[in-house]
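# Observations on chain architecture
Here is how the chains run, residue by residue.
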Amino acid sequence: MKFIHTSDWHIGRSLYGRKRYEEYEAFLNWLADYITREQVEALLIAGDIFDNTAPSNRAQEIYYRFLCRIAASPCRDVVITAGNHDSPSFLNAPRELLRFLNIHVIGSVSGRAGDEVLVLRNDQDEPEMIVCAVPYLRDRDMRRAEAGESREDKERKLVEGIGEHYRQTVEAAERIRADLGKPLPLVAMGHLFTAGGQILDGDGVRNLYVGSLAPVGAQMFPATIDYLALGHLHQAQRVGGAEHRRYSGSPLAMGFGEAGRSKSVYLVEVSNGQPVVTEIPVPCFQLLEVVQGDWAAISGRLEELKARDKSIWLEIIYDGDEIIGDLRQRLDAIIAGSKLEVLRAKNKRMADKILSRAQGEENLDDLDVNEVFQRCLEAHQVPPAQVGELLMTYNEALQSLYEGEQQAE
């Protein structure tokens, strides 16, 4: 059995106001070509298909056009699970229709673990792989809130709920495998944050989901899983160093923090229960670069990039000693007539001058939302005994906000 593991497409995502539809179309065309050329038999997409819960018409068009193309390819099955950015109801809406194309969509938990277990079959209608298609597990689905719970109680119950869900789902798959009487490979999917997972500053991962409140340990996943296909983290990586437990990462750079980093999908070939994993590089469809330094360094680098005559999106970070009040005008003058485009310009010298604080020479640009809240607690001299519960409540509020947000197109 040969399948592709991918995740975190985030179709519809923009970068500082710049739409990226052409990149998504290029990636999905490349992926469809690769699947056809290599005769890949299944495609597993582990969440965050769209970037928000109300995808634009253009994003939906890109998605459904790709699925139609895959349905006509050698790929026999597509398994799609929802991520934290996806709307479960939106993904689920056409699933009965998509099922006729062997496209299986699991947008949310149903209460019965067996509903997430799929048996993939070959052209002779013989079973060849079992997939536990577990979607993003929301806090409200995994535990029952009780009055007077401590932060530790909430974290413990959340992790226990996730672990129990995987245990029940895998047990249901094992019963199906026993009934079929064949040693079929068992693959599990998921969209969550495991303990020890690696993220980069500026890679687009919000670390407020399962994982920041309650890190999910690798030992939570049943040992009988032959391959674990995870989504949520945008850097391709192993889970706990295990060869058969992986995040595929996002196929496109989600932010300037990933500029210059290679992207990939995984090709997995399973024979006799032993997965062989090959990292397949994804071409870069839009160059990103961060240019940082004083004015001499920035202007010099821009002249070098202009000579390359390639489309490059830029983040400029000026941190020189000279105070420059017309940074954007200077940048526009240099790149005029070229294929360079400045999406973001940060004048740290001016920001520090305006926003500097008496203590520590910090500015707001250096702080994330959690740090700002932490500073508020300190400023109001909140007793240490209350800090833990307040942080827990704050993170839960942010998580609910991010899960329900709808970005206007």
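Reading the values: rules and limits
- Residues numbered from 1 in each chain as written.
- Predicted model: local features only at pLDDT ≥ 70, side-chain atom pairs only at ≥ 80, totals over all residues.
- Heavy atoms only, no water.
- Helix = DSSP H or I, 4+ residues; strand = E, 2+ residues; numbered from the N terminus.
- Contact = heavy atoms within 4.5 Å.
- Phe/Tyr/Trp six-rings, centres within 6.5 Å; stacked < 30°, edge-to-face > 60°.
- Buried < 20%, exposed > 50% of the residue type's maximum accessible area, 1.4 Å probe, protein only.
- Axes fitted to C-alpha atoms, helices over the stretch in contact; angles between N-to-C directions.
- Parallel < 35°, antiparallel > 145°, perpendicular 65-115°, else oblique.
- Nonpolar A, V, L, I, M, F, W, Y, C, P; charged D, E, K, R; others polar.
- Pairing = 2+ DSSP bridges.
- pLDDT = per-residue confidence, 0-100.
- Salt bridge = Lys/Arg side-chain N within 4 Å of Asp/Glu carboxyl O.
- Right-handed = clockwise from strand over helix to strand, strands pointing away.
- Left-handed = near helix turned anticlockwise from the far one by under 90°.

### So, the overall build of the protein
- The helix and strand tally for the protein stands at 11 helices and 17 strands.
- Looking at the protein alone, contacts between residues at least 24 apart form 71% of all its contacts between residues at least 6 apart.

### Focus on the packing of aromatic side chains
- Taken as a whole, this structure holds 11 aromatic pairs when the rule is applied.
- Judged by centre distance (5.9 Å) and plane angle (75°), the ring pair of Trp9 and Phe27 falls under edge-to-face. You can see Trp9 sitting in the loop between β1 (2-6) and β2 (14-15) and its partner Phe27 sitting in helix α1 (residues 21-37), a full 18 residues away along the chain.
- The exposure class of Trp9 is buried, given its relative accessible area of 1%.

### Here's the deal with the packing of α1 against helix α2 (residues 57-71)
- Running from N to C, α1 and α2 point in directions that differ by 10°, and their axes come no closer than 10 Å. By the angle between their directions, the pair α1 and α2 is classed as roughly parallel. In this structure, α1 contributes Tyr21, Glu22, Tyr24, Glu25, Leu28, Asn29, Leu31, Ala32, Asp33 and Ile35 to the contact, and α2 contributes Arg58, Ala59, Ile62, Arg65, Phe66, Arg69 and Ile70.
- Looking at side-chain class alone, the contact of α1 with α2 contains 10 nonpolar, 1 polar and 6 charged residues.

### Remarks on the sheet that holds strand β11 (residues 237-239)
- Taken together, the 6 strands give an open sheet; going across it, the order is β7-β8-β9-β10-β12-β11, and neighbouring strands pair in mixed fashion. Looking at which strands have only one partner, the edges of the open sheet turn out to be β7 (117-121) and β11. Going from strand to strand, the sheet's axes swing by 30° on average, the running direction of each strand aside.
- Sheet analysis places strand β8 (residues 127-133) next to strand β9 (residues 186-191), joined by 4 bridges and oriented parallel. Looking across to β9, one finds that Cys132 is bridged to Ala188.

### Things to note about the confidence of the model for the protein
- The predicted model of the protein averages 86 in pLDDT, with 87% of residues at 70 or higher.
- Long-range and interchain partners of residues 207-213, a stretch whose pLDDT sits below 50, account for 27 contacts in this model, where long-range means more than four residues apart.

### Here's the deal with the environment of Leu327
- Here Leu327 shows up in helix α8 (residues 327-335).
- It is 8.8 Å that separates the C-alpha atoms of Leu327 and Lys346, two residues lying 19 residues apart in sequence.
- The contact partners of Leu327, leaving out residues within four places of it in the chain, are Trp295, Tyr318, Ala345, Lys346 and Asn347.

### A word on the pattern of salt bridges
- Tallying each qualifying case throughout the model produces 26 salt bridges.
- Note that Arg20 and Glu23 form a salt bridge whose closest N and O atoms lie 2.8 Å from each other.
- Judged by relative accessible area, which is 2%, Arg20 ranks as buried.
- Residue Lys306 is joined to Glu303 by a salt bridge in which the shortest nitrogen-to-oxygen separation is 3.9 Å. Placement of both Lys306 and Glu303 in helix α7 (residues 295-308) is noted, with a separation of 3 residues, approximately one turn of the helix.
- Overall, the relative accessible area of 28% leaves Lys306 in the partly exposed class.
- The structure contains a network of salt bridges with shared partners spanning Glu25, Arg58, Glu61 and Arg65.

### Quick notes on unusual backbone geometry
- Look at Asp8: it is not a glycine, yet its phi comes out positive at around 55°.
- By relative accessible area, Asp8 is classed as buried at 0%.

### Quick word on the pairing of strand β17 (residues 340-347)
- Here strand β16 (residues 312-318) pairs with β17 via 7 bridges, running parallel. Within the sheet, the bridge partner assigned to Ile316 lies in β17 and is Ala345.
- In this view, the connection linking β16 to its parallel neighbour β17 by way of α8 has right-handed handedness.

### Some thoughts on the environment of Glu174
- Along the polypeptide, Glu174 turns up in helix α6 (residues 151-180).
- Looking at Glu174, the relative accessible area reads 27%, which means it is partly exposed.
- Counting along the chain gives 12 residues from Glu174 to Leu186, while the straight-line C-alpha distance between them is 8.2 Å.
- Aside from chain neighbours lying at most four places away, what touches Glu174 is Leu186 and Thr224.

### Digging into the packing of α7 against α8
- Look at α7 against α8: their axes get within 10 Å of each other, and the N-to-C directions meet at 25°. With respect to each other, α7 and α8 are oriented roughly parallel. The chirality of how α7 crosses α8 is right-handed. Of the residues in α8, those in contact with Trp295, Ile298, Ser299, Leu302, Glu303 and Lys306 of α7 are Leu327, Arg330, Leu331, Ile334 and Ile335.

### Some remarks on the sheet that holds β17
- If you walk across this open sheet you meet the 3 strands as β15-β16-β17, and the pairing is parallel. Looking at the sheet topology across the chains shown, the edges are occupied by β15 (287-293) and β17. Neighbour-to-neighbour, the strand axes of the sheet open up by a mean angle of 20°, direction not taken into account.
- Here α8 sits on the sheet in contact with β16 and β17, set at roughly 160° to β17.

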